[in-house]
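Okay, here's what each chain looks like letter by letter:
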Amino acid sequence: MNENINKSALFNGSCLAIITTAFSFSIRAGILPQLGSEFGLSAEQLGFINSMFFFGFPISMIIGGLVYHTVGPKIIMQVAVITHTLGILLTIYAGGYTGLLISTFFIGFGNGCTEAACNPMIADMYDDKKINKMLGRFHMWFPGGIVLGSLISKFMTSEGFSWQTQIWILMIPTVAYAILFYGKKFPKAHVEGVTSISKNFKAMLSPLYIFLFFCMAMTAITEFGPNQWVTVVLSSSGADAMLVLALTFGVMTLGRLFTGPVVAKLGQTGVLLGGAFLAALGIYMFSTVTGPIAYLAAVIFGLGVCFNWPVMIGAVAQRVPLSGALGMSIVGGVGMFSTSIFQPFIGSWIDSSTATHTAAGLTGEALQLAAGQDTLVKMLAFPLILIVLFTIFFFWQKKAKPESESGETVPVAAH
């Protein structure tokens, strides 16, 4: 049924689409201080702007999941091209806070379309044995794009380029993935019954899916919380914040290249539990160390969150296969929605800590360092909750085996 699909073109187009998502993440993180300065925005207001990025994402993911088997991935990706382009242009010509809220929402909406279309499309293009491998390689380009975007942003900022010029860079991968997808034939679902919305919802009411749903909420904020605010919370730590971001995602890029063999060795549950411990250690180090040691913390944190997103999506695809594209989209959507909800809280933590330490007499870099470290201590709660959840998941699924596309269980690595 899917033999005549140009898998290479579709997969490469998917990778370029997620690079667009990555650029929107890293370049926006890099220009956050400039936006705050130019428009006179507080950290809490910047948090609301960030939240629009993560709010638009789950909305389009859920809509995309609902209509995936009706309209197909082709139309969803056409919407992604339109909303990415709108978001980029509206950001460049934004006149203030409201304009940035609207434009950031559109960019997030386009990013969600990418996830809603590409995750199930890749799952449909490859057999069960390759799902973890190919999802890992697809999601590898999110951290890979962030490394590249972070370095581009750092270079352009140091050379005096405006933030508007940096945003124009997002159009390069947007145009590239639009060209690769143009005129291509897209795959059909290969799991019997997966196109039925009623069967999707029935599968999503299972205890395992509901548990994964809540795990994803904590998984996403653990990854995106510290990273989205890196230029703010680490700006006075003695380490270059954008290099920390680039190093973190460089580790994630290399790690995701080996998602298949790592999951085969440790199992999905083992990978997730081990990652939670490393993420907690990395955030703790960020909150206590200064100078070059922050780069070591970046490596540890990067290893901690490296496999989370593709393995969580893979767990849904293999352990609750009848949830289909909708199930994958909603799990991914709740991750981004969770991140959206917490962005203003993180911003308010920074404002509150800044006010407290200002009253105590701190100023300048000492004030920024104290406020940043206080905020990171609060963020440590996210991976600690994950340690508990993934410990439960580890023992719950210790003897369980992911289901194949036929609905029968197939052996995988020991958990």
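As the structure is a computational prediction, the values presented were derived from the model and not from experiment.

This next bit is on a positive patch on the surface. On the surface, a cluster of positive charge is contributed by K7, K130, K133 and R137. Within the secondary structure, K133 is located in helix α4 (residues 131-158).

What follows concerns the packing of aromatic side chains. What the rule picks out here adds up to 21 aromatic pairs. Aromatic pair F55 and F337: ring centres 6.1 Å apart, planes at 40°, arrangement tilted. Remark: F337 occurs in helix α14 (residues 324-359) and F55 occurs in helix α2 (residues 43-92); sequence separation between them is 282 residues. We classify F55 as partly exposed; its relative accessible area is 29%. On the basis of relative accessibility, which here comes to 37%, the residue F337 falls in the partly exposed class. Arranged with centres 6.0 Å apart and planes meeting at 65°, the rings of F224 and W309 form a pair that is edge-to-face. Note that F224 is positioned in helix α8 (residues 207-228) and W309 in helix α13 (residues 308-319), a separation of 85 residues in sequence. You can call F224 buried: its relative accessible area is 2%. When its relative accessible area of 4% is taken as the criterion, W309 is described as buried. Taken together, the aromatic side chains of F25, F142, F224, F249 and W309 make up a single cluster linked through ring pairs.

All right, on to a nonpolar patch on the surface then. A cluster of nonpolar residues, I62, L66, I197 and F201, forms a patch on the protein surface that exposes about 300 Å² of accessible area. Elements with a contribution of two residues or more to the nonpolar patch: α2 and α7 (197-204). Here L66 lies in helix α2. Judged by relative accessible area, L66 falls into the partly exposed class, the value being 37%.

Glancing now at the environment of G333. Mapped onto the elements of the fold, G333 is located in helix α14. Assessed through its relative accessible area of 1%, G333 is described here as buried. Expressed as a C-alpha distance, the spacing of G333 and M216, which sit 117 residues apart in the sequence, is 9.1 Å. Setting aside its immediate chain neighbours within four residues, G333 contacts P58 and M61.

About the criteria used
- Residues numbered from 1 in each chain as written.
- Predicted model: local features only at pLDDT ≥ 70, side-chain atom pairs only at ≥ 80, totals over all residues.
- Heavy atoms only, no water.
- Patch = residues over 30% accessible without salt bridge, like charges linked within 9 Å, V, L, I, M, F, W, Y side chains within 5 Å.
- Areas by Shrake-Rupley, 256 points an atom, 1.4 Å probe, with all protein chains shown as cover.
- Salt bridge = Lys/Arg side-chain N within 4 Å of Asp/Glu carboxyl O.
- Lys, Arg positive; Asp, Glu negative; His and termini not counted.
- Charge placed at Lys NZ, Arg CZ, Asp CG, Glu CD.
- Helix = DSSP H or I, 4+ residues; strand = E, 2+ residues; numbered from the N terminus.
- Phe/Tyr/Trp six-rings, centres within 6.5 Å; stacked < 30°, edge-to-face > 60°.
- Buried < 20%, exposed > 50% of the residue type's maximum accessible area, 1.4 Å probe, protein only.
- Contact = heavy atoms within 4.5 Å.

Remember, this is a structural readout, not a statement about activity or role.
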